[in-house]
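# Understanding the architecture of this molecule
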Amino acid sequence: MTSLGLYLTKKSVNRAMVSRRTGISQARLSQLTSNESTKLRADELYLIALAIDIDPGEMFKEIFAETKLKNN
């Protein structure tokens, strides 16, 4: 499961509702939540955050908390 998938599960989000509100297909949401190689676009994150009434910046920080700069 991806960071987005874990986040949505933790928040008990109904993915069918997210799909209806955002226009993101359920198949795409499934890819975004289960396949680590699927890249989440900024516009998708923004729409999902709006659909579940969460601040997009806070959602971004939590989903990408493990992303770090490379050490030189």
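Sequence positions are assigned chain by chain, starting from 1 and proceeding in written order. Under the rules for a predicted model, residues below a pLDDT of 70 receive no local features and side-chain atom pairs below 80 are neither given nor counted, while totals for whole chains, interfaces and linings still include all residues. Here the side-chain values reflect all heavy atoms present in the structure, with hydrogen atoms and water set aside.

### Details of the pattern of salt bridges
Formally: Salt bridge, as used here: a side-chain nitrogen of Lys or Arg that lies within 4 Å of a carboxyl oxygen of Asp or Glu. Relative accessibility decides the category of a residue: with a 1.4 Å probe and only protein chains considered, values under 20% of the type maximum give buried, values over 50% give exposed, and everything between is partly exposed. Each helix is a run of H or I in the DSSP string that is no shorter than four residues. Each strand is a run of E no shorter than two, and both are numbered from the N terminus.
Taken as a whole and assessed by the stated rule, the structure comprises 5 salt bridges. The shortest N-O distance in the salt bridge between R41 and D43 comes to 3.0 Å. R41 gets classed as partly exposed once you look at its relative accessible area, which sits at 44%. Residues K61 and E58 are paired through a salt bridge, measuring 3.7 Å at the closest nitrogen-oxygen approach. Linking K61 with E58, this pair stays in helix 5 (residues 56–63), spanning 3 residues, or about one helical turn. The network of salt bridges with common partners includes R28, R41, D43 and E44.

### Focus: a nonpolar patch on the surface
Where we set the bar: Patch definition: residues above 30% relative accessible area lacking any salt bridge, with like charges linked at up to 9 Å and the nonpolar side chains Val, Leu, Ile, Met, Phe, Trp and Tyr linked at up to 5 Å. Per-residue and other accessible areas were derived by the Shrake-Rupley procedure at a 1.4 Å probe size, with only the shown protein chains allowed to occlude residues.
Residues Y46, L47 and L50 make up a contiguous nonpolar surface patch of about 280 Å² in total accessible area. Mapped onto the fold, L50 is located in helix 4 (residues 42–51). On the accessibility criterion, L50 (48% relative accessible area) is partly exposed.

### As for the nonpolar core
Basically, it comes down to this: By convention a nonpolar core is built from buried Ala, Val, Leu, Ile, Met, Phe, Trp, Tyr and Cys residues, the set being connected through side-chain atoms within 4.5 Å. By definition, residues are in contact when any of their heavy atoms lie within 4.5 Å.
L4, L8, V18, I48, I52 and M59 are the most contacted members of the largest nonpolar core, which totals 15 residues. Looking at this core, the elements with two or more residues in it are helix 1 (3–10), helix 2 (15–22), helix 3 (26–34), helix 4 and helix 5. The contact partners of I52, leaving out residues within four places of it in the chain, are Y7, L8, V13, M17, V18 and M59.

### So, the packing of aromatic side chains
Quick reminder of the rule: Centres within 6.5 Å are what make two rings of Phe, Tyr or Trp a pair, Trp counting through its six-membered ring; a difference in plane orientation under 30 degrees is then read as stacked, over 60 as edge-to-face, and the rest as tilted.
What the rule picks out here adds up to 1 aromatic pair. Centroid distance F60 to F64: 4.9 Å. Interplanar angle 45°. Geometry classified as tilted. Accessibility expressed as a relative area gives 46% for F60, which makes it partly exposed. Taking relative accessible area as the criterion, F64 reaches 32% and is therefore assigned partly exposed.

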